[in-house]
Structures are given as C-alpha cells and as structure tokens.
Amino acid sequence: MAAGCGWRAARGRRRRGRDKEEEEEEEGGTGTAAVLRRLREARDDLLSSGFWAASAGAVRASLSGPAAAPAQCVCLGLGRFAACPIARCQLAFLLLLLEELRVPPAQCALFDPAFSAREAAALEALGLRLLPENEEGKHGVGGSATLFYMVHCGKALYNNLLWSNWSPAALSKVVIIGNSFRGIEERLLSRILERDYSYIAKVLKGTEEVALPSHPRYLDTFNDTSVHWFPLDKLQQLSPEVWNFVEEPTYQDCEDLEIIR
C-alpha cells in the first residue's frame, strides 16, 4: 500500500473519499497509455537513482542461501498507482523485480479493491494477472516458491498470509517484501503482538530479514521495508506447540485491516 496516498478498507469496507488528483484523472480521461508512460518514467527514475541496483543486491543476497528463488509472485495492497506517485514507484519496482528474478509477468497476480478500471487495464497490458476475489491475504503457496510483495500493508494481512501457510514446508517457500517484522516487534507491546498477530509473533525466531537500503528520494516509498524468508532448518527448530496451534485469526480490536472485510 502506498504510504500517504493509499486506501483503507476497515470493518464496514468504507473507503476514503477520492482525492482531487484521482477525480481529475478520471474526469480527464487520461487513458491507459498515459498511465503506462508515467510508469516507465518511474522505472527510469529508479534505475538512474542507484536505489534499484542496491535493492536488487539485497534481494539476491536473500535468495542466495536457503530461500528458494520464487517461481511466482503475489502483490497485495499496491494502491492507486494511476494517481499516486508512491504507488506508481512501488509498481515500477515490482516490475524490475520480476525481471531480476525471471518471473514471467503472467505468474504475478495482484489484488487491491481500490484499482480502477483504467488501472486494471494497465496491469493487464503489462501481462500481469488480477486475482478474481479478495483472499484477505490468505493465499497458500502450494508447491511453488512464492514472492509476496506487500509494501506498507497492515499487520493483519501479513498475519493472515502466515496462517494460510502455517507449516515448515510451506513457509520455507515464502518470501515477503514488506514491513519489517523486527520493526513490528519493536513497536508493539508483546502482549498486543501475541494477542492480535499471533502468527507474526510465533514465526519471529524462524525468520531471516534484510532491510532494503535507505535512499533520500524513496524514504516515504520504501521506509521500513525488508525482504523476509523462513529457512527450513530454523522453522524445524521451533517447538511442536508452535505448529499445533492453527486457529484462523480474528481481529476484534485491530484497526489496520486493509483488505480485511
């Protein structure tokens, strides 16, 4: 989700009103071609800044060890990239990442309830797929190593993702680019983390993470963003009680429920 110009859908699935830029774009009929042009410009900016090269190195280092190179990708909570420069930059980064990891665009699926028809058309023009329904982050990897691109998503969404892959075999195939789990642990009281986001709390000791490099041009775009993976040997060292608890998460007292109904 693009920090500062994204969306939020909470319990009643009420979304923020459209900002002026979104309304002007829709009224102006700028079209898919204009969206793609601005996306190419964001891609060029990433390449020229040096941020992409440093970030690609961090991703390669993460995948050079026990983490399997992903064969597919799921992107959640990207936000309104036609109107929001931050979301557009995050999408450009994702496209570069797919090239770097040699993941075909057709193997990358996206979901955000805020996508407009023009944005959906732009994604399809890029060869990407749209998930047909809101899975609320509960996406199982099956037998394939999968990259989940979830920049600035809510904690509940990460928690749901972990729950839906709650076994050493499945989690060892998961790579997440999103908010730092270490940062989540540092910012939340332990009792709140364990009560509301129990799967994040339980997997911390089985997680490896590398932060994306800091860059002055992209502080708002990728702040607190890390690459996370879950080495099988570390997961197998967790106690059996960790894996025996598989109750589906509920969020009675939580507010950061992007995409969660």
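Residues numbered from 1 in each chain as written. Predicted model: local features only at pLDDT ≥ 70, side-chain atom pairs only at ≥ 80, totals over all residues. Heavy atoms only, no water.

An unreviewed UniProt entry annotates the chain as SRR1L protein originating from Sakesphorus luctuosus. You can read under Sequence similarities (unreviewed entry) in the UniProt record for the chain the words "Belongs to the SRR1 family." (UniProt positions renumbered as here; feature names shortened; annotations may be inferred.)

A. Fine view of the overall build of the chain. Secondary structure assignment for the chain yields 13 helices and seven strands. For the chain, the proportion of its 261 residues judged to be buried stands at 54%. Accessible surface, the chain as shown: approximately 11800 Å² in total, 49% of it carbon and sulfur. (Helix = DSSP H or I, 4+ residues; strand = E, 2+ residues; numbered from the N terminus. Buried < 20%, exposed > 50% of the residue type's maximum accessible area, 1.4 Å probe, protein only. Areas by Shrake-Rupley, 256 points an atom, 1.4 Å probe, with all protein chains shown as cover.)

B. Structural detail: helix H5 (residues 117–125). Buried within H5 we find Arg118, Glu119, Ala120, Ala122 and Leu123. Just beyond H5, the residue with positive phi is glycine 127, at close to 85°.

C. Structural detail: helix H4 (residues 85–101). With 17 residues, H4 should reach 24 Å at 1.5 Å per residue; the first-to-last C-alpha distance of 24 Å fits that figure. For H4, a buried count of 14 out of 17 residues is recorded, marking the element as mostly surrounded by other parts of the structure. One or two residues past the end of H4 sits arginine 102, with phi positive at roughly 60°. (Expected span 1.5 Å × (residues − 1).)

D. Here's a closer look at the side chain of arginine 88. Structurally, arginine 88 can be placed in helix H4. Here arginine 88 falls in the buried class, since its relative accessible area comes to 10%. A polar atom in the side chain of arginine 88 sits 2.8 Å from the backbone oxygen of phenylalanine 81. Among the polar contacts made by the side chain of arginine 88, one reaches the main-chain carbonyl oxygen of alanine 82 at a distance of 3.1 Å. (Polar contact = N/O pair within 3.5 Å; in protein donor to acceptor, adjacent residues only side chain to side chain.)

E. Expanded view of the packing of helix H3 (residues 51–63) against H4. Packing of H3 against H4 brings their axes to within 11 Å, and their N-to-C directions diverge by 50°. In terms of orientation, H3 and H4 fall into the oblique class. The element H3 and its partner H4 pack so that their crossing is right-handed. For the pair H3 and H4, the contacting residues are Phe51, Trp52, Ser55, Ala56, Val59, Arg60 and Leu63 in the first and Phe93, Leu96, Leu97, Glu100 and Leu101 in the second. When grouped by side-chain class, the residues that make up the contact of H3 with H4 number nine nonpolar, one polar and two charged. (Axes fitted to C-alpha atoms, helices over the stretch in contact; angles between N-to-C directions. Parallel < 35°, antiparallel > 145°, perpendicular 65-115°, else oblique. Left-handed = near helix turned anticlockwise from the far one by under 90°. Contact = heavy atoms within 4.5 Å. Nonpolar A, V, L, I, M, F, W, Y, C, P; charged D, E, K, R; others polar.)

F. Examining the pairing of strand S4 (residues 146–150) more closely. Within S4, five of the five residues are buried, leaving the element largely enclosed by the surrounding structure. Burial of the side chains of S4 extends over both faces: Thr146, Phe148 and Met150 are buried on one face and Leu147 and Tyr149 on the other. Direction of pairing for strand S1 (residues 72–76) relative to S4: parallel, over a ladder of four bridges. Residue pairing across strands places cysteine 75 opposite tyrosine 149, the latter belonging to S4. In this sheet, strand S5 (residues 174–179) lies alongside S4 in parallel orientation, the contact comprising five bridges. Its bridge partner lying in S5, tyrosine 149 is registered against isoleucine 177. (Pairing = 2+ DSSP bridges.)

G. A look at the confidence of the model for the chain. Residues at a pLDDT of 70 or more form 86% of the chain, whose mean pLDDT is 87. Looking at the elements of the chain, mean pLDDT is at its lowest for helix H1 (residues 20–28), recorded as 45, and at its highest for strand S2 (residues 108–111), recorded as 98. (pLDDT = per-residue confidence, 0-100.)

H. Expanded view of unusual backbone geometry. Positive phi is not limited to glycine here, since glutamate 136 has a value of about 55°. Here glutamate 136 lies in the loop between strand S3 (129–130) and S4. A residue is classified by how much of its surface remains accessible, and glutamate 136, at 12% relative accessible area, is buried.

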